[in-house]
Amino acid sequence: MTLVDVHAHFVTPSYVRAAVAAGHAHPDGMPGWPDWSAAAHLELMDATGIRTSVLSISSPGTHFGDDAAARALSREVNEHGMEVVRDFPGRFGHFASLPLPDVDGALTEIAHALDVLGSDGVTVKTNAHGAYLGDARFEPVWRELDRRGAVVFVHPTSPCHAEAVSLGRPRPLMEFLFDSARAASDLVFAGVLTRYPAIRWVFTHGGGVLPLLAGRMELFRTAFFTPEPGVAPVEEQLREVWFDIAGTPFPHQVPAFAAVFGTDRLLYGSDFCWTPAVAAAAQIASVDAAAQPDGDTWRALTTRNAVRLLPGLGGVLDAGR
C-alpha cells in the first residue's frame, strides 16, 4: 500500500558546511549531522511502501544571523530540493525554506519557490531566533501565504536558552514537542489562525504536547482573557490544523491525539534522514502493527488525507498503484 510522507528531510554538503561554520556542529544538541542521498532515501521508501516523500530542511533552518547569507542559502537548498523532485518524478515533493525572521527575504523566496520552482508549500520553524509565529512582524508573510492558500509546514526548533532547560540532552528529545505546542498556542492567542484561514498549517509529531494542553489553553482563553466575539474555542481552531505522526505514534501518541482532534487531518511522517533508516522502518512497522481504525488502515487514512492536503499528489499515487 502506498504512503505519503509529508515529514522527510534532506541535507546538502554545502548546507551542512554553512551551518557548521555558523556554530551548528551539534545542531539542537544532536551528536552531529546525518548523511542524505536520494538513493538511500528511495531505498527506505521502497522497502517500507512509501510512494512519495515531501522533502524539507529541518532545524536549525537557513537563517544563522545574516539576512543576505540566509537569502542565498534558502535559494540554494530550494533549488537543490526541486532538482531532486525533477530527477525522480512522483517520488518526492518539496517544502521550500524561508529565511525568517527576514520578512522581505521570505516574501521574495515565497514567490520564487511557488511561482518559479513549483514547490508544494513552504516550511518555517516554530520560532525564528526567539520570534514565534504570532509575532506582528510576520503579518506580511501570513497575508501573502493566505492569499495563495499555501501549505505551511511548521517544524520545531530549539527555544531560546535551550541549554538551560534541556538538561544537557538533545533538544528533539523533549524541547521540540514543547516548542510545537508553544508555536501553535501563539498562532491561537495572536489570532493568526482566524485572520488567515486559507493557510493550511501542518504541525509535526502529533502536535507534541498540544493534545494535553488544548483544554488548558481554552480555560485560560475564557477565564483569564477577554475572548473576542465569534472566535471559536481553541480545540475547534486546532481541528483545522494538519498534524503528522512522526516520532513514536503508537501505542500512545496517536490514540491521545485522535481523542482530542480526530483523524480527519492526520498525516504520515517518517522524519528521515534525521531519524535513521532502521528507526524509520521500525516506526512504520509499529503503524502497521497497531490497532487499525474501524474499516480502514492508518496507511490508507493518512494517504487520503495527504492527497486532500496536496491534491497534486493524487495523480502520482494513482499512477503508482
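Definitions and cut-offs
- Residues numbered from 1 in each chain as written.
- Predicted model: local features only at pLDDT ≥ 70, side-chain atom pairs only at ≥ 80, totals over all residues.
- Heavy atoms only, no water.
- Core = buried A, V, L, I, M, F, W, Y, C linked by side-chain atoms within 4.5 Å.
- Buried < 20%, exposed > 50% of the residue type's maximum accessible area, 1.4 Å probe, protein only.
- Helix = DSSP H or I, 4+ residues; strand = E, 2+ residues; numbered from the N terminus.
- Contact = heavy atoms within 4.5 Å.
- Polar contact = N/O pair within 3.5 Å; in protein donor to acceptor, adjacent residues only side chain to side chain.
- Pairing = 2+ DSSP bridges.
- Axes fitted to C-alpha atoms, helices over the stretch in contact; angles between N-to-C directions.
- Expected span 1.5 Å × (residues − 1).
- Arc of directions from axis to C-beta.
- Salt bridge = Lys/Arg side-chain N within 4 Å of Asp/Glu carboxyl O.
- Phe/Tyr/Trp six-rings, centres within 6.5 Å; stacked < 30°, edge-to-face > 60°.

(A) Layout of the nonpolar core. Among the nonpolar cores identified, the biggest contains 80 residues, and Trp-36, Trp-142, Leu-145, Trp-201, Phe-203 and Leu-238 are the most heavily contacted of them. For this core, the leading source of residues is helix α4 (residues 103–117), giving 6 residues. Excluding anything up to four places from it in sequence, Phe-203 contacts Val-154, Ser-180, Ala-183, Ala-184, Leu-187, Val-241, Trp-242, Phe-243 and Asp-244.

(B) View of the side chain of His-41. When you line up the elements, His-41 lands in helix α2 (residues 38–48). One polar contact links His-41 to Trp-36, side chain to side chain, over a distance of 2.9 Å.

(C) Structural detail: the sheet that holds strand β4 (residues 121–125). Ordered by their spatial adjacency, 8 strands build an open sheet running β1-β2-β3-β4-β7-β8-β9-β10, and the pairing between neighbours is parallel. The sheet terminates laterally at β1 (4–9) and β10 (266–267), the two strands that pair on one side only. Strands β2 (52–56) and β3 (92–97) of the sheet are contacted by helix α3 (residues 67–87), whose axis makes an angle of about 170 degrees with β3.

(D) Spatial organisation of helix α12 (residues 277–289). Given a rise of 1.5 Å per residue, 13 residues ought to cover 18 Å, and the 18 Å separating the end C-alpha atoms of α12 matches this to within 8%. Listed as buried for α12 are Ala-280, Gln-283, Ile-284 and Val-287. Buried residues of α12, viewed axially, fall in a sector of 95 degrees; they line one side. When the buried face of α12 is taken as reference, the exposed residues oriented beyond 90 degrees from it are Val-278 and Ala-289. Those residues of α12 hidden inside the fold are in contact with α2, α11 (249–261) and α13 (298–309).

(E) Representation of the pattern of salt bridges within the structure. Overall, the coordinates contain 14 salt bridges when judged by the stated rule. Among the ionic pairs, Glu-109 bridges to Arg-75, the shortest N-O distance being 2.9 Å. Of this pair, Glu-109 sits in helix α4 while Arg-75 sits in helix α3, and the two are 34 residues apart along the sequence. A salt bridge links Arg-148 to Glu-144; the nearest nitrogen and oxygen atoms lie 2.7 Å apart. Placement of the pair is Arg-148 and Glu-144 together in helix α5 (residues 139–148), with a separation of 4 residues, close to one helical turn.

(F) View of the packing of aromatic side chains. Taken as a whole, this structure holds 15 aromatic pairs when the rule is applied. Taking the centre distance of 6.1 Å and the plane angle of 75 degrees together, the rings of Phe-88 and Phe-92 count as edge-to-face. Judged by relative accessible area, which is 29%, Phe-88 ranks as partly exposed. Looking at Phe-92, the relative accessible area reads 5%, which means it is buried. Taken together, a centroid distance of 6.3 Å and an interplanar angle of 40 degrees make the contact between Phe-203 and Phe-243 tilted. Note that Phe-203 is positioned in strand β8 (residues 200–203) and Phe-243 in strand β9 (residues 242–244), a separation of 40 residues in sequence.

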